[in-house]
Structure formats: C-alpha cells, structure tokens
Amino acid sequence: MKFTKLSLIATLAINSAFAGGDIAPVEPVVEAPVVEAAACNSNTTINGKAVLYSFTTDGYGDLDWYNGDSSALGAAVTLDVSHKITDNVTANVTAVGFTNLTNSYSNPDVWNMFEGEETAAFLNVANITATYFDTNFILGRQLLDTPMVKSFDWLLAPGAFEAYTVVNNSISNLTLVGSYIEAYRQNGSGTDFADLDGDTWTVGASYSNAFDASVWYYNNDNYGYTQFYGDAGYKFGPVSLAAQYVDTDWDMMDSSTAYGVKAETTLAGFNLAAAYVGVEDEVVGFVDWDGLYTSMWMTPASISVGDSWMVSAGTEFSGLSVSAAYAYYEYENETEEGSEFDLILGYGVTDCISLDAVYTMTDYGSGDGDEQVMELIATYKF
C-alpha cells in the first residue's frame with residue numbers, strides 16, 4: 001500500500017466572464033452582465049481511497065481464507081483534505097475509518113493486524129504547513145520519511161508522528177531537515193498516539209546531483225539511544241552502487257554498528273538488485289521501520305545481529321507489475337539462521353482501481369518452521 005502525502009495547493013485563478021447582447025434594430029435588448037462566481041471550495045482539495053484488505057496465515061493453522069483462526073477481512077476509507085488558509089499556509093487532515101468484516105475473534109493475534117479494533121476512526125494526519133521563502137514548516141500529526149525513523153505503510157494506515165518539522169532548500173541540490181517528535185502511532189498498533197518520554201529529534205542533510213548522499217543524527221530518549229546514519233550512492237553507467245553506515249550508542253547496552261552495500265541495474269527489462277548488511281554487537285535502533293538494504297516486507301534487518309544478504313528482481317508487462325525478493329539472515333551465534341521470500345503482484349485495472357497480492361514466507365530460525373502469509377488488497381481512489 002502506498003503513502004498518501006499531502007502537498008500545498010496550487011493557486012487557483014478566478015475568472016470573471018461578461019456577456020453583452022446585440023441591440024436589435026426594432027426592439028432594443030440589452031443583457032445584463034453575468035459574473036461567474038468563483039467556486040466556494042476553490043481553496044480546498046479532497047482526495048480519498050477505499051481499501052478492501054484480506055489476509056490468511058498458516059502461523060495459527062492452515063492457509064484458509066474462511067478460517068477465523070488464521071484469516072481476516074477488513075475495509076478502510078482514507079480521506080485526505082487540504083485547505084489553503086493563506087498563500088503560504090495550508091491545513092492538512094487525513095481521516096481513516098476502518099471496520100472488520102468477519103465475525104470470528106477467536107484469535108486476537110490475527111485481529112491485531114487490523115489496528116486491534118473492530119470498527120474505529122481516527123485522524124492519522126492533522127497539521128499546518130507553512131512556507132517562508134525556501135523553508136517549509138510542518139506542525140502537527142504527519143508522516144516522516146527518514147532512513148531510521150519513517151512511517152511504515154502496511155495494512156490500513158501508515159505509522160504517524162506528532163512532530164514539528166522544518167525543511168530548507170535554499171542551497172541548490174541540498175535539503176536540510178529537522179524534526180522534533182512528541183508522540184508516535186505505530187503501524188498496526190491501534191488508533192492512539194503514545195507520548196514519547198524525554199527528547200526525540202533528528203537533523204539531516206541530503207544531497208542529490210552527480211551523486212547522492214545523506215547524513216542524519218538521531219536523539220531518542222524514549223528508546224535510550226543516539227545514532228549516526230550516513231549513505232552515499234553513485235551510478236556507473238548501467239549500474240548503481242550505494243553504501244550505508246549506522247552507529248547506535250545505546251544507554252543501557254553496548255553500542256552497535258551496521259554497514260551495508262547495494263548494487264542495482266536493469267537488464268532485459270528486469271530491475272535487478274543485490275545487497276549485503278552486517279550488524280555488529282547489538283541491534284540497531286529505529287522507529288516504525290528501518291532503511292537497511294536487506295530489510296524485507298515482514299523483516300527489518302535492524303533486529304538481527306549478524307550478516308544478511310538480499311537479491312531481488314522486478315518487471316512490468318501488460319499493466320502487471322511483478323517483484324520477487326529473497327533475504328537470508330545469519331545470526332551472530334551461527335547456530336540459527338532466518339530467511340524471507342516475497343512475491344508481490346500489482347495490477348492497475350483503471351487509473352483509479354488497483355489490485356495487489358503479496359505472498360511471503362518467513363523463517364526466523366526458532367525451530368517452528370516456515371510461516372506463510374497471503375494478502376489481497378483492492379484499492380479504489382476517488
């Protein structure tokens with residue numbers, strides 16, 4: 001499922017049209033000028049989507065769409081509203097309403113996938129965006145997209161934050177970002193935002209021109225760590241190479257280090273990628289989801305100490321997109337290993353209707369064997 005990000009509304013021009021009739025030679029007729037009024041909602045944009053989402057897992061039984069112990073079906077409507085208050089100030093709201101459509105609640109673990117509620121509605125985004133020259137301010141509930149603090153977009157609504165964010169683009173090709181986070185709603189955890197203890201903030205700089213690079217610093221008192229993140233990438237002809245480095249200084253345990261490399265290319269219409277990530281000493285801190293190269297649909301690479309590898313391939317034909325990926329995780333003690341395989345299909349029926357299917361098989365080395373999950377998603381945008 002994809003993020004829906006609100007942007008500033010373009011200024012709308014208000015046109016006035018006047019019509020005058022000709023004067024007839026016998027009976028003069030003069031039509032009064034008619035003014036076409038501007039639309040009353042010309043400063044407001046409304047977009048939305050309706051989603052029907054179903055999944056089944058053999059983690060609690062068999063893959064069975066009709067078994068309430070191992071499957072669920074839910075629907076959600078997301079409404080994005082932006083209202084231009086002044087030329088440089090916009091109010092943004094994303095309202096999410098969802099309901100479970102099956103009657104069985106015999107397995108709460110499965111139903112927690114639907115935000116832990118039977119039927120509910122909440123505001124996932126509610127902020128004011130202001131622009132001053134080359135600087136944007138976002139104040140309130142919002143989605144964040146940084147390497148190690150990002151809104152994870154899965155199930156019915158992406159994770160969101162109550163934060164104050166500043167973005168500056170005064171220097172060509174350079175973006176400066178700073179965010180102070182006060183509360184957080186984890187993807188799939190429910191409808192409430194949880195206050196964060198202490199100070200949680202991040203500052204970062206991203207450069208994109210002949211090569212791409214970014215550096216970020218995170219202070220997270222709530223989870224007890226500070227963190228440095230850096231990455232860089234360059235395209236050598238048809239091949240793109242990238243590298244990343246993460247250093248997490250934990251308050252209550254040893255520091256951790258992660259480093260990764262990734263190569264991407266296109267061959268015969270297929271987008272191919274391969275990556276390696278090594279995590280040393282301790283797990284890597286992140287919020288909602290991480291940006292490590294070997295993270296998969298179900299598995300963030302940050303939670304495992306050891307080495308991991310990932311290969312993927314994707315293509316599109318006749319409107320159908322297909323991607324497959326496999327990751328292997330070798331844990332630090334070398335007595336266990338894990339893996340994940342993902343197959344993701346997407347088809348655009350029309351510009352407004354899309355169908356998606358996701359199959360995953362995970363093995364976390366716990367001795368319980370593989371777990372398979374199948375997800376079906378139908379989306380209508382309006």
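Small disclaimer: the values here were computed from a predicted structure and weren't measured.

Participant: I'm lost on a negative patch on the surface in this one. Help?
Facilitator: Among the surface-exposed residues, Glu 182, Asp 195, Asp 197, Asp 199, Asp 221, Asp 249 and Asp 251 lie close enough to one another that they form a single negatively charged patch. Per-element accounting of the negative patch gives the leading share, 3 residues, to strand S8 (residues 194-208). Mapped onto the fold, Asp 251 is located in the loop between strand S11 (239-250) and strand S12 (256-267). Of the residues examined, Asp 251 reaches a relative accessible area of 56% and is grouped as exposed.

Participant: In this structure, what is going on with the environment of Ala 232? I would like to understand it.
Facilitator: Secondary-structure assignment places Ala 232 in strand S10 (residues 225-236). Along the primary structure Ala 232 and Tyr 207 are separated by 25 residues, whereas in three dimensions their C-alpha atoms are 9.2 Å apart. Apart from the residues within four sequence positions on either side, Ala 232 is in contact with Asp 212, Ala 213, Leu 241, Ala 242 and Ala 243.

Participant: What am I meant to see in the pattern of salt bridges here?
Facilitator: Pairing is possible between side chains that carry opposite charge, provided their charged atoms lie close to one another. Across all of its chains, the model carries 2 salt bridges by this definition. In this structure, the salt-bridge partner of Asp 87 is Lys 84, at a minimum N-O distance of 3.8 Å. Lys 84 sits in the buried class, given a relative accessible area of 9%. Here Glu 162 makes a salt bridge to Arg 141, at a shortest N to O gap of 2.9 Å. Here Glu 162 is found in strand S6 (residues 160-168), whereas its partner Arg 141 is found in strand S5 (residues 135-142), with 21 residues between them in sequence.

Rules behind the numbers
Residues numbered from 1 in each chain as written. Predicted model: local features only at pLDDT ≥ 70, side-chain atom pairs only at ≥ 80, totals over all residues. Heavy atoms only, no water. Patch = residues over 30% accessible without salt bridge, like charges linked within 9 Å, V, L, I, M, F, W, Y side chains within 5 Å. Areas by Shrake-Rupley, 256 points an atom, 1.4 Å probe, with all protein chains shown as cover. Salt bridge = Lys/Arg side-chain N within 4 Å of Asp/Glu carboxyl O. Lys, Arg positive; Asp, Glu negative; His and termini not counted. Charge placed at Lys NZ, Arg CZ, Asp CG, Glu CD. Helix = DSSP H or I, 4+ residues; strand = E, 2+ residues; numbered from the N terminus. Buried < 20%, exposed > 50% of the residue type's maximum accessible area, 1.4 Å probe, protein only. Contact = heavy atoms within 4.5 Å.

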